[in-house]
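Observations on chain architecture
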Amino acid sequence: MRPVHDVDTVRAAERAVMEQLPDGALMQRAATGLARRCADVLEQVYGSHVLLLVGKGNNGGDALYAGARLCQRGAQVTALLIADAEPPAALDALLRAGGRAQQVSADDRNAFEHADLVVDGLLGIGGKGALRAQAAQLAEYANDSGATVVAVDVPSGVDADSGRVEGSAVRADITVTFGTLKPGLLVAPGAHYAGIVECVDIGLTPHLPPPTIEVLDADDVAALLPDPEPETDKYHRGVVGVAAGSDTYTGAAVLTTGGAIVNGAGMVRFVSVAHPAELVRARWPEAVVTVVPPGDGTAVIDAGQVQAWVVGPGLGTDDAAAAVVEAILGTDLPVLVDADAISILASHREWLTQRRAPTLLTPHAGEFARLVGADRGDVEADRLTHVRKAAADLGVTVLLKGSTTVVADPDGHTRINPTGTRWLGTAGTGDVLSGVCGALLATGCSALDAGSAGAFLHGLAARLVSAEVVPIAATDLLDAWPGVLRVVRAEGLGPETLNA
């Protein structure tokens, strides 16, 4: 797992390292890594035009020292200074190497015209709130320049802790961050400005505490997927109960059941009213289907043995649906709650807070906002803060779907999903995810593991499908699933592939 740390933790680690190093050595480490990555993205360093956007702070110093190294390799480097450079020695290094520097002026747009590479060193990880006017203007010039843009540690205008963006921000192709990943580089909206995120080791690791935020890689997910024992049977592999679908939303029943089946559940026990039950039986003959009267929660939970429940997709929000949700949450089994069931819980949060068994909620931003009584725009602007608070307040694990999927448990352990694509934003894909995660819950995975591994696989399936054809449909994910599992189990995917 790749660790992620907040700004205060990173600052403390930097101070600890600097106490052990000569003055300026930590900045030189950062600048060396930054210069190397900048050189890699240029077709040819010699003769290239590099423009540095330099603010007053360590990021500006990193950019200047990196620029000096590029000058030494024959690049033509110009620094636009938004203030007096800190430390002054960094500017001296650039000028001695043959670079040029000028204060920001009204003619700055011209400086971007011939740039092959723009290096954003305006603001660092301590930046909060909207960019000031000069920095905001430079950010817009960089975004419109057509040059490759490399951000130093974090794109200026992005909150490194939350990913919040207020107003203009630099939209980087690559962000070179130092020591450890920062949450705002991985969570939307900040993630959309960070581009490919590469972490340069500058020696912070021994001084960083165990992270509360992590990013899974394929090897981590493969380790969470159960392998059947030689003498195993369907009950040992996990039986998932699915209560989904209605006469109005029959597809949700088929897709949720399919997600559980393709992700390796030993058996799926589908329990619902007649019409969706008929369709599930026709599409998935391996499912065990039970028809119950509408709203008979007792009949649902008495349908047969299960190790975990999935409830909510396409269920409806009437009294009959609420009775089913209440009955399932009243069991002592792990439960995944999605879609309509989450809307029902907005008026019955006590059904969650009274539970002691593992519970995984999988809302999109609108459902989440209704559940916690928040504004949807605020949720989407600061997903990480909202999902962690909801998990703690409700005592459940919350998987917040969207442009960045974040999973948090009540103790604050959080995982940010690195896979996915905008093509996932289509009807039914969330139903597949519910079935996928439900299968993992039934095998004994914790709610955090089930949610984060399921989201990883779900997002990877969408990437693989969309690489071949777009737009994609929810059923495409089911068809692609065997290939997804083969990739994760056999080949693995490193950070470079996931960042592509």
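Further up the page is the structure itself.
Scope of this entry: the structure provided in the associated data block. Owing to the predicted nature of the structure, the values given are computational and were not obtained by experimental measurement.

Rules behind the numbers
What you see as residue numbers is a count from 1 along each chain, following the sequence as written. At least 70 in pLDDT is required for a residue's local features to be given in this predicted model, at least 80 for side-chain atom pairs to be given and counted, and no such filter applies to totals for whole chains, interfaces and linings, which use all residues. Water and hydrogen atoms were dropped before computing side-chain values, which therefore reflect all heavy atoms in the structure. In this text, helices come from DSSP runs of H or I with a minimum length of four residues, and strands from runs of E with a minimum of two, each type numbered from the N-terminal end. C-alpha atoms define the radius of gyration, and 2.2 Å times the number of residues to the power 0.38 defines the globule rule. Using a 1.4 Å probe on the protein chains alone, a residue whose accessible area is under 20% of its type maximum counts as buried, one over 50% counts as exposed, and one in between counts as partly exposed. Side-chain rings of Phe, Tyr and Trp (the six-membered ring for Trp) are treated as a pair once their centres are within 6.5 Å; stacked means planes under 30 degrees apart, edge-to-face means over 60, and tilted covers the remaining angles. Geometrically, a lysine NZ or arginine CZ counts as sitting over a ring once it is within 6 Å of the ring centre and also within 35 degrees of the ring normal. The rule for a disulfide is simple: a pair of cysteine sulfur atoms within 2.5 Å. Each salt bridge in this description consists of a side-chain nitrogen of Lys or Arg and a carboxyl oxygen of Asp or Glu lying within 4 Å of one another. A pair of strands counts as paired when DSSP detects no fewer than two bridges linking them. Orientation is described by lines fitted to C-alpha atoms, with helices fitted over the stretch in contact, and by angles between N-to-C directions that extend from 0 to 180 degrees. Each angle is binned into one of four classes, with values under 35 degrees roughly parallel, values over 145 roughly antiparallel, values of 65 to 115 roughly perpendicular, and all other values oblique. Left-handed is the label given to a crossing in which the near helix is rotated counterclockwise from the far helix by less than a right angle, and right-handed is the label when the rotation is clockwise. By definition, residues are in contact when any of their heavy atoms lie within 4.5 Å. Under the grouping applied here, Gly and all other residues not named as nonpolar or charged are polar, the nonpolar ones being Ala, Val, Leu, Ile, Met, Phe, Trp, Tyr, Cys and Pro and the charged ones Asp, Glu, Lys and Arg. Viewed with both strands pointing away, a crossover whose connecting path from the first strand over the helix to the second turns clockwise is right-handed. Definition of nonpolar core: a set of buried residues of the types Ala, Val, Leu, Ile, Met, Phe, Trp, Tyr and Cys, connected through side-chain atoms within 4.5 Å.

**Focus on the overall build of the chain**
Counting its regular elements, the chain contains 21 helices and 18 strands. Taking 500 residues into account, the globule formula puts the C-alpha radius of gyration at 23 Å, and the chain, at 25 Å, falls close to it. If one aligns the C-alpha atoms of the chain with their principal axes, the spans along those axes are about 80 × 45 × 45 Å. Going through the 500 residues of the chain one by one, you find that 56% of them count as buried.

**Considerations on the packing of aromatic side chains**
Considering all chains together, one arrives at one aromatic pair under this definition. The ring of Tyr193 has Arg171 lying over it, and the distance from NZ or CZ to the ring centre is 4.2 Å. In this structure, Arg283 packs its charged tip against the face of Trp284, placed 3.9 Å from the ring centre.

**Considerations on the environment of Gly57**
Assignment of secondary structure puts Gly57 in the loop between strand 2 (49-54) and helix 3 (58-72). As for Gly57 and Gly251, which are separated by 194 residues in sequence, their C-alpha atoms are 55 Å apart.

**A short note on the environment of Thr248**
Checked against the element boundaries, Thr248 lands in the loop between strand 10 (239-243) and helix 9 (250-262). Judged by its relative accessible area of 61%, Thr248 is exposed. Residues Thr248 and Leu181, 67 residues apart in the sequence, show an inter-C-alpha distance of 44 Å.

**Overview of the state of the cysteines**
Summed over all chains, the structure comprises zero disulfides. Looking at Cys199, it has no disulfide partner, and the nearest cysteine sulfur is the one in Cys38, 15 Å off.

**A few points about the pattern of salt bridges**
Opposite charge on two side chains permits them to pair, given that their charged atoms come into close proximity. By the definition in use, this model includes 13 salt bridges. One salt bridge connects Arg164 with Asp382, and the closest N-O pair in it is separated by 3.9 Å. One end of the pair, Arg164, is in the loop between strand 6 (148-152) and strand 7 (174-178); the other, Asp382, is in the loop between helix 16 (376-381) and helix 17 (383-394), and 218 residues separate them in sequence. Overall, Arg164 belongs to the partly exposed group, its relative accessible area being 27%. Three or more residues joined by partner-sharing salt bridges are found here, namely Lys128, Asp159 and Asp161.

**Side note on the sheet that holds strand 8 (residues 196-200)**
Reading across the sheet, the seven strands line up as 4-3-2-5-6-7-8 and stay open at both edges, with parallel pairing between neighbours. Only two strands of the sheet have a single partner each, and these edge strands are strand 4 (100-103) and strand 8. Across the sheet, the axes of successive neighbouring strands diverge by a mean angle of 20°, strand direction being ignored. Sheet topology places strand 2 next to strand 3 (residues 76-81); six bridges connect them, and they run parallel. In the strand pairing of strand 3, Val54 is matched with Leu81.

**A word on the packing of helix 9 against helix 10 (residues 274-283)**
At a closest axis distance of 9 Å, the pairing of helix 9 and helix 10 adopts a crossing angle of 40°. When the interaxial angle is binned, helix 9 and helix 10 end up oblique. Crossing geometry of helix 9 relative to helix 10 is assigned as right-handed. Counting all contacts with helix 9, which are made through Thr250, Ala253, Val254 and Thr257, the residues of helix 10 involved are His275, Pro276, Leu279, Val280 and Arg283. Split by residue class, the contact of helix 9 with helix 10 holds five nonpolar, three polar and one charged.

**Examining the pairing of strand 10**
Burial within strand 10 is extensive, with five of its five residues counted as buried. Judged by which residues are buried, strand 10 turns out to be covered on both faces: Val239, Gly241 and Ala243 on one side and Val240 and Val242 on the other are all buried. Judged from the four bridges that link them, strand 10 and strand 11 (residues 267-272) form a sheet pairing that is parallel. Paired with Val240 across the bridge in strand 11 is Val268. With helix 9 bridging strand 10 and its parallel neighbour strand 11, the resulting β-α-β unit is right-handed.

**Regarding the sheet that holds strand 13 (residues 308-311)**
Spatial strand order, 1-9-18-17-16-15-14-13-10-11-12: 11 strands in an open sheet with mixed pairing. Strands with a single pairing partner mark the edges of an open sheet, and in this sheet they are strand 1 (2-4) and strand 12 (288-291). The average angle at which neighbouring strand axes cross in this sheet is 20°, direction not considered. Of the strands in this sheet, strand 10, strand 11 and strand 13 are in contact with helix 9, which crosses strand 11 at around 165°. Across the sheet, helix 19 (residues 447-466) lies against strand 15 (359-361), strand 16 (397-400), strand 17 (406-408) and strand 18 (414-416), angled at about 15° from strand 16, the strand it touches most.

**A word on the nonpolar core**
Among the nonpolar cores identified, the biggest contains 101 residues, and Leu34, Val50, Leu52, Leu64, Val119, Val311 and Val337 are the most heavily contacted of them. In terms of residue count, the dominant contributor to this core is helix 2 (residues 25-41) (eight residues). Membership of the second largest hydrophobic core comes to 57 residues, among which are Ala277, Ala461, Ala462 and Val488.

**Looking at the side chain of Thr331**
Turning to its location among the elements, Thr331 is positioned in the loop between helix 12 (319-329) and strand 14 (335-337). Assessed through its relative accessible area of 18%, Thr331 is described here as buried. Contact partners of Thr331, with chain neighbours within four places excluded, come to Ile301, Trp309 and Arg355.

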